[in-house]
Amino acid sequence: MLVFVLFAGLELIIGNFVEPWLYGTNTGISSLALLVAAIFWTVLWGPAGLILSTPLTVCVVVLGRYVPQFSFLHICWG
């Protein structure tokens, strides 16, 4: 039981605070944008969207940064 509680607690802390901060500083995405994206992808796809929200958002922002036709995505999420 202790292992489960430890794993769940660490996962909550890492998933909600460490990853948004780390991805935000390395990719230029604000932590708030990542949390809003997590809500958006969760509403759209449910639990699978929640799991994939950060990588999907990072991919969308990188696409917006390097493809001129999608530069509005970089402006919205960056």
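All of these numbers come straight from a predicted model, not from anything done at the bench.

1. What about the overall build of the protein chain?
Secondary structure summary: the protein chain contains four helices and zero strands in total. Each helix and strand of the protein chain, placed in order from N terminus to C terminus, yields the pattern α-α-α-α. Structurally, the protein chain occupies a C-alpha span of about 50 × 25 × 15 Å along its principal axes. A buried classification covers 23% of the 78 residues belonging to the protein chain. Sequence-distant contacts in the protein chain: of pairs separated by 6 or more residues, those separated by 24 or more amount to 30%. Looking at the protein chain as shown, the accessible area adds up to about 5600 Å², and 80% of this sits on carbon and sulfur atoms.

2. So, the environment of A38
Tracing the backbone through its elements, the reader meets A38 in helix 2 (residues 31–45). The exposure class assigned to A38 is buried, which follows from its relative accessible area of 14%. For the pair A38 and M1, spaced 37 residues apart in sequence, the C-alpha to C-alpha distance is 29 Å. Apart from residues lying up to four places away in sequence, A38 is in contact with L50 and S53.

3. Remarks on helix 3 (residues 47–66)
The terminal C-alpha atoms of helix 3 lie 29 Å apart, and with 20 residues this matches the ideal 28 Å at 1.5 Å per residue to within 8%. In helix 3, a bend of some 55 degrees at S53 exceeds every other bend along the element, and P55, a proline, comes one to four places later. Within helix 3, the full set of buried residues consists of G49, S53, T54, T57, V58, V61 and G64.

4. Digging into the side chain of S53
Along the chain, the position of S53 falls in helix 3. Owing to a relative accessible area of 3%, S53 belongs among the buried residues under this scheme.

5. Here's the deal with the confidence of the model for the protein chain
Put simply, the protein chain has an average pLDDT of 83, and 96% of its residues get 70 or more. Taking the mean pLDDT of every element in the protein chain, the minimum, 75, falls on helix 4 (residues 71–77) and the maximum, 87, on helix 2.

Each value, and the rule that gives it
- Residues numbered from 1 in each chain as written.
- Predicted model: local features only at pLDDT ≥ 70, side-chain atom pairs only at ≥ 80, totals over all residues.
- Heavy atoms only, no water.
- Helix = DSSP H or I, 4+ residues; strand = E, 2+ residues; numbered from the N terminus.
- Buried < 20%, exposed > 50% of the residue type's maximum accessible area, 1.4 Å probe, protein only.
- Contact = heavy atoms within 4.5 Å.
- Areas by Shrake-Rupley, 256 points an atom, 1.4 Å probe, with all protein chains shown as cover.
- Expected span 1.5 Å × (residues − 1).
- Bend = angle between axes of the 7 residues up to and from the residue.
- pLDDT = per-residue confidence, 0-100.

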